[in-house]
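If you want the building blocks of each chain, they are given just below.
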Protein chains: 6
Amino acid sequence: MSEIVVITAHVGDFVWRAGGAIALHRRAGHGVTVVCLSCGENGESNLAWQDEMADTASVVATRQAEAEAAAKALGVEDLRILDLGDYLLPKDPEIPYRLAEILREERPSLILTHPERDPSNLDHVRTHEMVLEARMIAQAPGRGRNHVIPAQVMCFEPHQPELCGFSPDVIIDITEVWPAKEAAMRCMPTQRNLWDYYDRVARQRGAQAGRRSARPTLQGEAYQAIFPIILPTLPLGVPA
Amino acid sequence: MSEIVVITAHVGDFVWRAGGAIALHRRAGHGVTVVCLSCGENGESNLAWQDEMADTASVVATRQAEAEAAAKALGVEDLRILDLGDYLLPKDPEIPYRLAEILREERPSLILTHPERDPSNLDHVRTHEMVLEARMIAQAPGRGRNHVIPAQVMCFEPHQPELCGFSPDVIIDITEVWPAKEAAMRCMPTQRNLWDYYDRVARQRGAQAGRRSARPTLQGEAYQAIFPIILPTLPLGVPA
Amino acid sequence: MSEIVVITAHVGDFVWRAGGAIALHRRAGHGVTVVCLSCGENGESNLAWQDEMADTASVVATRQAEAEAAAKALGVEDLRILDLGDYLLPKDPEIPYRLAEILREERPSLILTHPERDPSNLDHVRTHEMVLEARMIAQAPGRGRNHVIPAQVMCFEPHQPELCGFSPDVIIDITEVWPAKEAAMRCMPTQRNLWDYYDRVARQRGAQAGRRSARPTLQGEAYQAIFPIILPTLPLGVPA
Amino acid sequence: MSEIVVITAHVGDFVWRAGGAIALHRRAGHGVTVVCLSCGENGESNLAWQDEMADTASVVATRQAEAEAAAKALGVEDLRILDLGDYLLPKDPEIPYRLAEILREERPSLILTHPERDPSNLDHVRTHEMVLEARMIAQAPGRGRNHVIPAQVMCFEPHQPELCGFSPDVIIDITEVWPAKEAAMRCMPTQRNLWDYYDRVARQRGAQAGRRSARPTLQGEAYQAIFPIILPTLPLGVPA
Amino acid sequence: MSEIVVITAHVGDFVWRAGGAIALHRRAGHGVTVVCLSCGENGESNLAWQDEMADTASVVATRQAEAEAAAKALGVEDLRILDLGDYLLPKDPEIPYRLAEILREERPSLILTHPERDPSNLDHVRTHEMVLEARMIAQAPGRGRNHVIPAQVMCFEPHQPELCGFSPDVIIDITEVWPAKEAAMRCMPTQRNLWDYYDRVARQRGAQAGRRSARPTLQGEAYQAIFPIILPTLPLGVPA
Amino acid sequence: MSEIVVITAHVGDFVWRAGGAIALHRRAGHGVTVVCLSCGENGESNLAWQDEMADTASVVATRQAEAEAAAKALGVEDLRILDLGDYLLPKDPEIPYRLAEILREERPSLILTHPERDPSNLDHVRTHEMVLEARMIAQAPGRGRNHVIPAQVMCFEPHQPELCGFSPDVIIDITEVWPAKEAAMRCMPTQRNLWDYYDRVARQRGAQAGRRSARPTLQGEAYQAIFPIILPTLPLGVPA
């Protein structure tokens, strides 16, 4: 059983966008399962294709190895790469049922995935939709009696937030686990063009979080909740 | 010092809309200050005006007494009624500075107030705006050196949520303190026409919160955050 | 010919969400056709599955019987259950063409269905989309010469309105037919957990409608129009 | 008593934007009061200022005469020009109280005014806000016991609809009263540059309304409702 | 190679909605490729079906001839009609790959297509989605090494802008090429019911553009950009 | 005469948010006038107040000197600091008339200012509103016959974009003038805590702009247009 299931379109997504949350919750002893629908071999592995000898099999192999190393750096033991192909991710009606099986096994209370909208990347949109579909199936008693209470779904930050209508509801302080996230990023040299970009994203979110905090926050990670967040009390800060 | 400052346009607002949160946090030992800008004597005291002998002074006195009783029922010791007049609340530029003084004294990490938009009640809109103005002043070192870290602002649920663009980010379970909230509501017979309405609001929010919870939630209260919520980790539920 | 066609994902939807409008228009002598794409047997029949002997066939039979009884309570003679399966409703490209046939037969000026968006229920989203597709096909002369003028589409209130971006354009007073709607709700004991919830929804919408009305409105039902409403004059109320 | 009160920033607004509705309801025997907060002499009378001899008094006189002629063409007997000045309309806190007095005298069930937003014309925005404020005051028993049930507020179409977030909820067919509206437009030669523009606006809205109507609609007028429209039944069209 | 690729659902769309831009850019010597996914034979050829002898083949032939004539009037040499069928456009997963091939051949920096949303025409919505999918595929090195830099996507104005959430980011002055656009419109007598409508659309957009211009603008065309527009400097107007 | 007028609430704003555009247009020979409504002495000069001897006069003097140095670094000769006070900027009705005078003198075709919405900074909101008011006054012939054609208004990027509903319509490449912007930033040691933050903002916008460009873009600046951008043709990129 995993308290958190992360479902992404491509192997890199869990690192750049949710690596801090993953490391933080693993450190706190929570189970985290990461599911990558594809290796991102076609659309998100440009540097790998600069090798003239590269072919699909070799790029897939490279990206899988990178993903495994990155998962390890974040403390994730349960990484599942479905290798369905990307650019475009297929619209196979069976995929949501496969994902629902995982949700029924892991019984998470929280799912992390892409936001609803992204005009520059329909694979992300399709993943979001399939996550919501899987969540429905997993809660339906007529689809198997081990049905679950539906989990919260939180969306991690996309590459160009305004383009995706992304507006953070929650920012978490990942300063403490930043070395782990940075190490995981470095496990993905195929996308090394993103290293600086996501370093800056983390620092901007850290600065924004730190404005209302008494302690310095160097790095942060932003999330948008699909469903209202159910809390026992209202979130209080640390008054100065 | 109060961890939470509630700022409302009229005396009834803190009861119908934030009574659960207030009682819950008081029970947890947090300081709560309630500031009512007016008594709602002109626009929100219709039943009091049915008495043909009623005049402004008598209605104000009635509503103040009700507010004091309700505050007591919720465990609030610090109730401040500024009695500025309502329908319309005046646009006096000094009011935000008065509110800023309260924020500097109480140094809350959370402010509760009305949402940004309400075409049926511009007093609510004006209050929201003055809260944001007061929050700015309170953090400005040039306005006095006891400046504060700016607090989170969360909006409680308005009477007609869709009309106000209200969409809950957070729902809290107030089942445990419902008797206190209900008692506070009963302290306001001038608005007894709202008793059933807010009983139903609480039950609807309770039912919505309970969908993703393993324990039954009979009553809930909904809030919308103006600023991203800064949390140490992502909010996990109780898996089934 | 039916002036109104109601198209829903599951058998319960027309009762909880449009039962008042259906009863009101039937009482006024208008034809109403109700089309349910599925029985909701997998995802919306939890109480039926608590019987350990239950299987798909038995749950389908139970829900069909309930739907027939509820339709009768509302005065509906033309109920069509397509029984396509739910959680997930299939994405068969032929379904919009089947629905278009119904629109061409019934030639309604108004279609009632689910809103465009519902992250907790993609079957509702899919139904909305197929209704818009069917409406297109039905008006296309190249798809058969008995084509129709495209109908207005109004969305009934979803379970969690803010989650679905639902904002009512129209509220109708259903006080007069409330006994029929309540009776229809009671015809669905499989979803008896919704009885109180939709009783409260009706009362909240009634209270909101009643604010601007000279006569008391105990129960109401809310709708959002997809297309501008074409009226001969502007809607006037009853001045006090 | 007037069933409808129209409140505009400048004298031309009621003609270009609500002339059809005014004529239609006057023809149906409804009382209509038109209140213009200013003559639009500074900002909306460019052609008048081309006369080198023009001064404020002369332009005001010209525009008042035009407004009176236009009102007459639409069948309006009750035209009130408050002549408060424009570009900018003053933010005098007494204006909403004056408007509230009119609402208490006329007791309309419907108010027509500008939309909430218009970055190209803050006078329109200010008028919208003051209408909502006046509506509050008029319903407050503490502001005088002849208080009223709050009216619906519908916004007429602004000059550049998308810029103002204007999206029509209702389109009315004004074909029948188009000659009256056109005559009223011609009573305003100071803004003759708008004649063709609003002729085209009417035809576009007519064409849009006619798509779902069995009868030809040559001219239409579009409105956006601030509050849900309360109707006895759902609006049905004329099936083909 | 074409600097601009226009992709539409039906043959008429490029004329009514983008004819001005096409003519303007052709006149400036830019390559323009127009791709029509269907002939609009089923849903947008009502006048052709009034001929009782009409059948699908004859209507397709008529519309193709009209499209060719219109393209010629606009100066377009590269018109490709894929003839996939309309009302509904099929959801064949191969179509985005076909479009991607065109993008890789033509290597445009700008794609013009329908907006994201249109509840009255899902063929338009589907086209928009397939364009974004094709844009992804075309940039993916794993889908062929002649991959391209992803183009800007701009949406032309839909028939009912507010219904589609269309809000213009850019208006271009098409006064100079209006005769060519008008001639192209006249090449489509099957949709002659739209001639006046789009004449008025052009004049309204022209009037709106002309408000901030020193020179008269009689006709304009409006566009909404999906991605931020990358410019070397900010756009300056012609100061008076 | 200045082609561009920049109007900000506080002295720092033109540097952090529009410094690139200013330097770029100055280098191109365009006139640029910068108007700062206040020195930001109360709310945006925290480091200056750490000096225990600081008082309002000394902080104002420091910030003015910084602003002058920064303006010079950007090539701006026309800097006007109105010194109206901040946190809160006063709501004096004369200010829009003063700004209108500047617009009539400079006759810009473009105004740069803060976005419409910013819950963390109402001074920015107030400035935006006053700019739109001034723009109205400046175009009104009744307010003086040297009236102007109304300028485009573009909003520069706020500190927390999603909080302000900021979504870039235009990104400009400021790589070439980055040294000037960086130098201007360094002229403001009172806000040195922002140096790294806005360095990262520039790099993120640069990276986003560079995705669709054939040449590398290291730094960018983002803008949102209030009014449609009027262009002679559609913006084409540089095809690969």
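Nothing here was measured: the structure is a model prediction, and the numbers come from that model.

K.L.:
Explanation requested: the interface of chain B and chain C in the structure shown.
P.N.:
You'll often see interface size given as the accessible area lost when the parts meet. Contact with chain B, which involves 17 residues of that partner, is made by 17 residues of chain C. When chain B packs against chain C, the two sides together hide about 1500 Å² of surface, and 43% of this comes from carbon and sulfur. Sorting the residues of chain B by area buried against chain C places Glu162(B), Arg200(B) and Gln204(B) first, and these three jointly supply 42% of that buried surface. Across the contact surface, chain B and chain C share two salt bridges. With a closest N to O distance of 2.5 Å, Glu162(B) and Arg205(C) form a salt bridge.

K.L.:
What is the right way to look at unusual backbone geometry in this model?
P.N.:
Between Tyr87(C) and Leu88(C) the backbone carries a cis peptide bond, its omega angle lying at 15°. Here Leu88(C) shows up in the loop between β3 (78-81) and α4 (95-106). Positive phi is not limited to glycine here, since Asp83(A) has a value of about 55°. Here Asp83(A) lies in the loop between β3 (78-81) and α4 (95-106). Asp83(A) sits in the partly exposed class, given a relative accessible area of 36%. The residue Tyr87(A) is not glycine, and still its phi comes out positive at about 50°. With respect to the secondary-structure elements, Tyr87(A) resides in the loop between β3 and α4.

K.L.:
I keep staring at the nonpolar core and nothing clicks. Help me out?
P.N.:
In globular proteins that are soluble, nonpolar side chains generally tend to be buried together. Residues Phe14(A), Leu112(A), Phe14(B) and Leu112(B) are the most contacted members of the largest nonpolar core, which totals 94 residues. For Phe14(A), the residues in contact, after removing those within four places along its chain, are Val6(A), Thr8(A), Gly19(A), Ile22(A), Val34(A), Cys36(A), Ala67(A), Ala70(A), Ala71(A), Leu74(A) and Leu79(A). By size, the runner-up hydrophobic cluster in this structure holds 93 residues, among which are Ala21(C), Met154(C), Met185(C) and Leu110(D).

K.L.:
How should I be thinking about the relation of the copies chain C and chain D in this particular structure?
P.N.:
Here two copies of a chain appear, and what relates them is a rotation about an axis with a shift along it. Superposition record for chain C on chain D: RMSD 0.0 Å, screw rotation 180°, translation along axis 0.0 Å. Each copy turns onto its partner about a two-fold axis. Among all residues of chain C, the one whose C-alpha sits closest to the rotation axis is Asp169(C), at a distance of 3.7 Å. Of the interface residues in chain C, 98% have counterparts in chain D that sit at the interface too, so the contact is made through matching surfaces.

K.L.:
What is the right way to look at the packing of helix α6 (residues 178-186) of chain B against helix α7 (residues 195-210) of chain B in this model?
P.N.:
The relative placement of two packed helices comes down to the angle between their axes together with the axis-to-axis distance. Residues and elements named next belong to chain B. The geometry of α6 relative to α7 is characterised by a closest axis approach of 10 Å and an angle of 160° between their N-to-C directions. Between α6 and α7, the crossing angle belongs to the class labelled roughly antiparallel. Judged by the sense of rotation from one axis to the other, the crossing of α6 with α7 is right-handed. Each of Trp 178, Glu 182, Met 185 and Arg 186 in α6 lies in contact with α7, whose residues at this interface are Trp 195, Tyr 198, Asp 199 and Ala 202. Residue composition of the contact of α6 with α7, grouped by class: five nonpolar, no polar and three charged.

K.L.:
Could you clarify how one ought to interpret the state of the cysteines in this entry?
P.N.:
What makes a disulfide is a covalent bond joining the sulfur atoms belonging to two cysteines. Going through the model one piece at a time under the given rule, you end up with zero disulfides over all chains. Not part of a disulfide, Cys164(A) finds its nearest cysteine sulfur in Cys155(A), a span of 10 Å.

K.L.:
Explain the pattern of salt bridges to me, please; I cannot follow it from the model alone.
P.N.:
Pairing between side chains becomes possible if they bear opposite charge and their charged atoms approach one another. This model, assessed by the stated rule, comprises 82 salt bridges over all chains. Its salt-bridge partner being Glu129(A), residue Lys91(C) comes within 3.2 Å of it at the nearest N-O pair. Here the residue Lys91(C) occupies a position in the loop between β3 and α4, and Glu129(A) occupies one in helix α5 (residues 122-139), the pair thus bridging two chains. Here the residues in one salt-bridge network are Asp78(A), Arg80(A), Glu105(A) and Glu106(A), joined through shared partners.

K.L.:
When you look at the sheet that holds strand β8 (residues 229-231) of chain C in this model, what are you seeing that I'm missing?
P.N.:
Backbone hydrogen bonds hold the strands of a sheet together, and the pairing may be parallel or antiparallel. Strand order in the open sheet formed by eight strands is β8(C)-β6(D)-β7(D)-β5(D)-β4(D)-β1(D)-β2(D)-β3(D), and the pairing between neighbours is mixed. Here the strands that pair on one side only, and so sit at the sheet edges, are β8 of chain C together with β3 (78-81) of chain D. Each neighbouring strand pair of the sheet contributes to a mean axis angle of 25°, computed without reference to strand direction. With five bridges connecting them, strand β1 (residues 4-8) of chain D and strand β2 (residues 32-36) of chain D associate as parallel partners. Bridge pairing in β2(D) places Thr8(D) opposite Cys36(D). Running at roughly 170° to β3(D), helix α4 (residues 95-106) of chain D makes contact with β1, β2, β3 and β4 (110-113) of chain D of the sheet.

K.L.:
Help me understand the relation of the copies chain B and chain C in this model?
P.N.:
Mapping chain B onto chain C calls for a rotation angle of 180° and an axial translation of 0.0 Å; the resulting RMSD is 0.0 Å. Residue by residue, 100% of the interface of chain B is reproduced at the interface of chain C, so both copies engage with the same surface.

K.L.:
I tried to follow the pairing of strand β4 (residues 110-113) of chain A on my own but got confused; where do I start?
P.N.:
Successive side chains on a regular strand alternate, one facing one side of the sheet and the next facing the other. Residues and elements named next belong to chain A. Here β4 shows no split at all, with Leu 110 and Leu 112 on one side and Ile 111 and Thr 113 on the other all buried. In terms of strand pairing, β4 meets strand β5 (residues 152-156) through four bridges, oriented parallel. By the bridge assignment, Thr 113 is partnered in β5 with Cys 155. With respect to chirality, the unit in which β4 leads through α5 into the neighbouring parallel β5 is right-handed.

K.L.:
Please explain the environment of Ile7(D) as it appears in this structure.
P.N.:
All names here are of chain D. If you trace the backbone, Ile 7 turns up in strand β1. As for Ile 7 and Val 35, which are separated by 28 residues in sequence, their C-alpha atoms are 4.8 Å apart. Apart from residues lying up to four places away in sequence, Ile 7 is in contact with Val 35, Leu 37, Leu 99, Ile 111, Leu 112, Thr 113, His 114, Thr 127, Val 131 and Phe 156.

K.L.:
Sorry if this is basic, but what is going on with the environment of Ala54(A) here?
P.N.:
Residues and elements named next belong to chain A. Topologically, Ala 54 is positioned in the loop between α2 (46-49) and α3 (56-74). According to the relative accessible area criterion, Ala 54 is buried, its value standing at 12%. For the pair Ala 54 and His 10, spaced 44 residues apart in sequence, the C-alpha separation works out to 19 Å.

K.L.:
Please clarify how the sheet that holds β5(A) should be interpreted in this entry.
P.N.:
One open sheet holds the eight strands; their spatial order is β3(A)-β2(A)-β1(A)-β4(A)-β5(A)-β7(A)-β6(A)-β8(B), and the pairing between them is mixed. At either end of the open sheet lies a strand with only one pairing partner, and these are β3 of chain A together with β8 (229-231) of chain B. Averaged over neighbouring strand pairs, the angle between their axes works out to 25° when direction is ignored.

K.L.:
Would you mind going over the interface of chain C and chain D with me for this structure?
P.N.:
Counting residues at the interface gives 42 residues for chain C and 41 residues for chain D. Both sides of the chain C and chain D interface together cover about 3800 Å² of buried area, and 69% of this is carbon and sulfur. It is Arg212(C), Leu234(C) and Leu236(C) that lose the most area in chain C upon contact with chain D, and together they represent 21% of the buried surface on that side. Among the elements of the structure, α1 (13-27), β4 (110-113), β5 (152-156), β6 (170-173) and β8 of chain C are those that each provide at least two residues to the side of chain C that touches chain D. By residue number, the principal contributor to the side of chain C that touches chain D is β6(C), which donates four residues. Judged from the three bridges that link them, β6(C) and strand β8 (residues 229-231) of chain D form a sheet pairing that is parallel. Counterpart to Ile172(C) in the pairing with β8(D) is Leu231(D).

Conventions used here
- Residues numbered from 1 in each chain as written.
- Chains lettered and ligands numbered in written order.
- Predicted model: local features only at pLDDT ≥ 70, side-chain atom pairs only at ≥ 80, totals over all residues.
- Heavy atoms only, no water.
- Contact = heavy atoms within 4.5 Å.
- Buried area = accessible area lost by both parts, 1.4 Å probe.
- Salt bridge = Lys/Arg side-chain N within 4 Å of Asp/Glu carboxyl O.
- Helix = DSSP H or I, 4+ residues; strand = E, 2+ residues; numbered from the N terminus.
- Buried < 20%, exposed > 50% of the residue type's maximum accessible area, 1.4 Å probe, protein only.
- Core = buried A, V, L, I, M, F, W, Y, C linked by side-chain atoms within 4.5 Å.
- Least-squares fit on C-alpha atoms with pLDDT ≥ 70 in both.
- Axes fitted to C-alpha atoms, helices over the stretch in contact; angles between N-to-C directions.
- Parallel < 35°, antiparallel > 145°, perpendicular 65-115°, else oblique.
- Left-handed = near helix turned anticlockwise from the far one by under 90°.
- Nonpolar A, V, L, I, M, F, W, Y, C, P; charged D, E, K, R; others polar.
- Disulfide = S-S within 2.5 Å.
- Pairing = 2+ DSSP bridges.
- Right-handed = clockwise from strand over helix to strand, strands pointing away.

These figures come from the coordinates and say nothing about function on their own.
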